[in-house]
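Residue-level listing of the chains:
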Amino acid sequence: GMVGAAGTPVLTAPLPQERGGNNSFTHEALTLKYKLDNQFELVFVVGFQKILTLTYVDKLIDDVHKEFRDKYRNEFQQKGALGLLNGTFDFKDDFMRLLRDAEESSKVRAPTVMKTFEQSLKSQKTVKCMIETRGEKPKEKVKNKKNKGSKKDGTEAVAVPSKASAADKQLSAAGDKEELTKDEILQKNREEFFRRHMKAGEKSRSPKPDAQKEKGKKPRVWDLGNSNAKVLDYSNSATNGSAEACPVEEFDPDMALGDKNREPGRLYDLEYESEDEAEEEKVVQNPSKPSVKKGGLGGMFGMLKGLVGSKSLTRDDMDPVLEKMKDHLIAKNVAAEIAVQLCESVAKKLEGKVMGTFTTVTSTVKQALQEALVQILQPQRRVDVLRDVMDAQRNRRPYVVTFCGVNGVGKSTNLAKISFWLIENGFSVLIAACDTFRAGAVEQLRTHTRRLNALHPPESHGGRTMVQLYEKGYGKDAAGIAMEAISYGRCRAGVAGGVFLEWCCPSCCPPCCAPARNQGFDVVLVDTAGRMQDNAPLMTALAKLIAVNAPDLVLFVGEALVGNEAVDQLVKFNKALADHSMAQTPRLIDGIVLTKFDTIDDKVGAAISMTYITSKPIVFVGTGQTYCDLRSLNAKAVVAALMKA
Ligand code: GDP
């Protein structure tokens, strides 16, 4: 490293937009960090190779600042900084001492150096957990079992993020909860979600291991999942543009993994309400409320009220029920116009139908609605990412996925989760940082890349780097960067020490690269800048990026918190892609990543709105802030939650 103190040429490049207090600037292989002293108009700059993840830079720059200022305070006060421009400062020895101190202090922290995946407790406990977990859940096959050594022991309680989400406005609309702050509501929902989730999960999984203490590790508390709350939230810390924002040393892989006994690489089904739990409820209810519900006398009267006998259903019969259903759907966060359309289609379907003898209008309508909802959530075309990646692999080209959506919905976070899932399935991932707009976006991805690599170091993948970031900083043309990334991911002739050397040929293609030499990536994940659906220029740019790069999969990332807004977003994103595409059959959105599912309790309506409006599948569901909380949608479970009173 090298430090310039007062008088060193000040950065001439425009400083990047800052959100945090720690300023840094990255150019090619170099990172500059600087600190301003407003009182004496001094700039302290540290330059270092960005590849070095120096953890002590902040301390160093602070220490140097303090010493330098104090040493020359009098002179500055007398002559001012400008008066000293040509002065000499006898500070070299002080600097060397401070540097040594800083280096030493970072070594003191060495015991917290991250364990490799293999060293972690998890790897030692796995076999037992695997056996227990596996037997219970045979419905999904594990495609790749390479990484068995990663079982979860527990996780640590962390403060809940105080950051208000972009979708808070949606929540405040729910009047009944107004007395809680938005964060409290999110928190409450998250607890509720994990309560159900864990309840369902715990039965089939091995008991909470208490043995952690014996191993000399601070016991972790599985705290209803909010323990994970801050884990993947680099959206703030990373925005100061600092490579040290989240030092690798402070990263606890156990925490980022969250779930205890998961099977690596497996995309679990979204467990919403377990059937067991529903049954339990019944058992509890029966003794206390004898024969009030179905079956008993009271139930019979109830049934008779709505009974139409063998008469055919008319609109008038159904209207009051449909009205109730519509309100119910809207209360569950289904977009209003979609709730109306859904009820309309149910009415059309049922009109004139002769009801069974002992059915009520209500139950008939309910059942029809339920069927319609399941149908919506089970779209015609299923997206099977792993299969498609393997197809691309056979053709020796990377499988390209583009992520789009508005700001703050969780694009980068869920892109990282998907990377993790792909890596656990044995695929290497190149992340293209095409959000060249939002300050901190690149750093956020860099942090994820570093953590993912720490969880899956090359050593455990035959020397192969499983995830890499392709970035060109800020302000550049995103479509161009995506294109470069895709060709970079395609095949490279040589890689040394993680540094790209040269292309093997201008349009690198299979014949010149034997498969074994193909050092490209299996998947390229393209992050794009968040944009509002009404911002025409940005939407055009997105359409261009997609048209030019022809990704295999275009994923729209949307948060489960949105209500009516969801429809508007999706319609406009799709329309923009259609309008601005140059192809005859324009590339539209292929699928949806539904995020923050853990924050909505049973208001699962966004899932319906989004699939209804695009008729595209929800490919992934994000349910937290850990790398392994990605789920696949379970249509029946979601519909059950939606229908629940
Ligand atoms: P982007 O602007 O779309 O890239 O959004 P980010 O990836 O930066 O995420 C915005 C915030 O949402 C961050 O605080 C994330 O930690 C958080 N987040 C993302 N996905 C989830 C999720 O599934 N559940 C919860 N609770 N938070 C999430």
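Throughout, residues of each chain are indexed from 1 in the direction in which the sequence is written. For this predicted model, a pLDDT threshold of at least 70 governs which residues receive local features, and a threshold of 80 or more governs which side-chain atom pairs are given and counted, while totals over whole chains, interfaces and linings are taken from all residues. By convention in this description, side-chain values take in all heavy atoms of the structure and omit both hydrogens and water.

Undergrad: So what about the UniProt feature "domain: SRP54-type proteins GTP-binding" (unreviewed entry) in the chain? Which residues, and what values?
TA: UniProt positions are given in the numbering used here, feature names are shortened, and annotations may be inferred rather than shown by experiment. When the UniProt feature table is mapped onto this chain numbering, "domain: SRP54-type proteins GTP-binding" (unreviewed entry) sits at residues 617–630. Secondary structure content for residues 617–630 is 0% helix and 43% strand, while the C-alpha to C-alpha distance between its ends is 15 Å. Helix and strand assignments come from DSSP, with helices taken as H or I runs of at least 4 residues and strands as E runs of at least 2, each series counted from the N terminus.

Undergrad: Account for the environment of Leu 588, naming residues and giving values.
TA: Along the chain, Leu 588 turns up in the loop between α17 (564–580) and β13 (591–595). For the pair Leu 588 and Asn 574, spaced 14 residues apart in sequence, the C-alpha to C-alpha distance is 5.6 Å. Residue contacts are defined here by distance: any two heavy atoms, one from each residue, within 4.5 Å place the two residues in contact. Each residue touching Leu 588, except ones within four places of it in the same chain, is listed here: Val 554, Asn 574, Leu 577 and Ala 578.

Undergrad: Can you explain the nonpolar core? Please cite residues and give values.
TA: Working definition of a nonpolar core: buried Ala, Val, Leu, Ile, Met, Phe, Trp, Tyr and Cys residues. They are joined through side-chain atoms within 4.5 Å. Whether a residue is buried, partly exposed or exposed follows from its accessible area with a 1.4 Å probe, protein chains only, as a fraction of its type maximum: under 20%, in between, or over 50%, in that order. Grouped together as the largest cluster of nonpolar side chains are 118 residues, with contacts concentrated most on Val 385, Ile 418, Leu 422 and Phe 620. Broken down by element, this core gets its largest block of residues, 9 residues, from helix α11 (residues 361–377). Residue ranges labeled as domains rest on an automatic or database domain assignment. When residues are assigned to domains, this core turns out to be shared by domain 2 (313–377) and domain 3 (385–492 + 516–643), each giving three or more. With residues near it in sequence (within four places) discarded, Leu 422 still touches Val 385, Leu 386, Val 389, Phe 427, Val 429, Val 523 and Leu 525. Phe 48, Leu 54, Phe 95 and Ala 102 belong to the second-largest nonpolar core, a separate cluster that totals 21 residues.

Undergrad: Break down the site of the ligand for me, citing the residues and quoting the values.
TA: A molecule or strand has a residue near it when one of that residue's heavy atoms lies within 4 Å. Looking at the ligand, there are 20 residues lining it, with Lys 411, Ser 412, Thr 413, Asp 598 and Gln 625 nearest. Measuring from an oxygen atom of the ligand, one finds a backbone N or O atom of Gly 410 at 2.9 Å. The Shrake-Rupley method, run with a 1.4 Å probe sphere, supplies the accessible areas, and residue values consider only the shown protein chains as cover. Considering the ligand on its own, with 580 Å² of exposed area, one finds that the protein chains cover 94% of that surface. When residues of the shell around the ligand are assigned to their parent elements, the largest contribution, 5 residues, is made by helix α13 (residues 411–424). Tallied by class, residues from the shell around the ligand come to 1 nonpolar, 12 polar and 7 charged. We call two N or O atoms a polar contact when they sit within 3.5 Å, provided that within protein one can donate a hydrogen and the other can accept it, with sequence-adjacent residues counted only if both atoms are side-chain atoms. Throughout this entry, Asp, Glu, Lys and Arg are counted as charged residues, while Ala, Val, Leu, Ile, Met, Phe, Trp, Tyr, Cys and Pro are counted as nonpolar. The remaining residues, Gly among them, count as polar.

Undergrad: So, the side chain of Asp 590: which residues are in play, and what are the values?
TA: Residue placement: Asp 590 occurs in the loop between α17 and β13. Engagement of the side chain of Asp 590 in a polar contact is seen with the side chain of Arg 587, the distance being 2.3 Å. Residues contacting Asp 590, with those up to four places away along its chain left out, are Arg 381, Val 383, Asp 552, Leu 553, Val 554, Lys 616 and Pro 617.

Undergrad: A description of the sheet that holds strand β8 (residues 467–470) should follow, citing residues and the corresponding values.
TA: The strand order across the open sheet built from 9 strands is β5-β15-β14-β13-β12-β6-β11-β7-β8, with neighbouring strands paired in mixed fashion. The open sheet terminates on both sides in strands that have one partner only, identified here as β5 (268–269) and β8. Two strands pair under a simple rule: DSSP has to find at least two bridges between them. As paired strands, β5 and strand β15 (residues 630–632) are joined by 2 bridges and run parallel to one another. If you follow Tyr 268 over to β15, its bridge partner there is Arg 631. Against the sheet, helix α15 (residues 478–490) engages β6 (399–404), β7 (429–434), β8 and β11 (523–528), with an angle of about 165 degrees to β7. Here an axis means a line fitted to C-alpha atoms, over the contact stretch when the element is a helix, while the angle between two N-to-C directions is reported on a 0 to 180 degree scale.

Undergrad: Quick one: what's the story with the packing of aromatic side chains, residue by residue and with numbers?
TA: Two rings belonging to Phe, Tyr or Trp (six-membered ring only in the last case) form a pair when the distance between their centres is within 6.5 Å. Interplanar angles under 30 degrees mark stacking, angles over 60 mark edge-to-face geometry, and anything in between is tilted. Taken as a whole, this structure holds 11 aromatic pairs when the rule is applied. Between Phe 68 and Phe 91, the ring centres sit 5.0 Å apart and the planes meet at 85 degrees, which makes this aromatic pair edge-to-face. Taken together, the residues span a long stretch of sequence, with Phe 68 in helix α1 (residues 57–83) and Phe 91 in the loop between α1 and α2 (92–108) at a distance of 23 residues. With respect to class, Phe 68 is no different from Phe 91; both count as buried. With a centroid separation of 5.2 Å and an interplanar angle of 70 degrees, the aromatic rings of Phe 556 and Phe 573 are classed as edge-to-face.

Undergrad: So what about the packing of α17 against helix α18 (residues 605–614)? Which residues, and what values?
TA: Remark: α17 packs on α18, axes separated minimally by 9 Å, with the N-to-C direction vectors making an angle of 30 degrees. Regarding the angle of α17 to α18, the classification is roughly parallel. By crossing handedness, the relation of α17 to α18 is classed as right-handed. Contact residues: Ala 566, Val 567, Leu 570, Val 571 and Asn 574 in α17; Ser 609, Met 610, Ile 613 and Thr 614 in α18. Looking at the contact of α17 with α18, its residues break down into 6 nonpolar, 3 polar and no charged. Roughly parallel refers to an angle under 35 degrees, roughly antiparallel to one over 145, roughly perpendicular to one between 65 and 115, and oblique to any angle outside these ranges. Crossing handedness: left-handed means the near helix sits turned counterclockwise from the far one by under a right angle, and right-handed means the same turn made clockwise.

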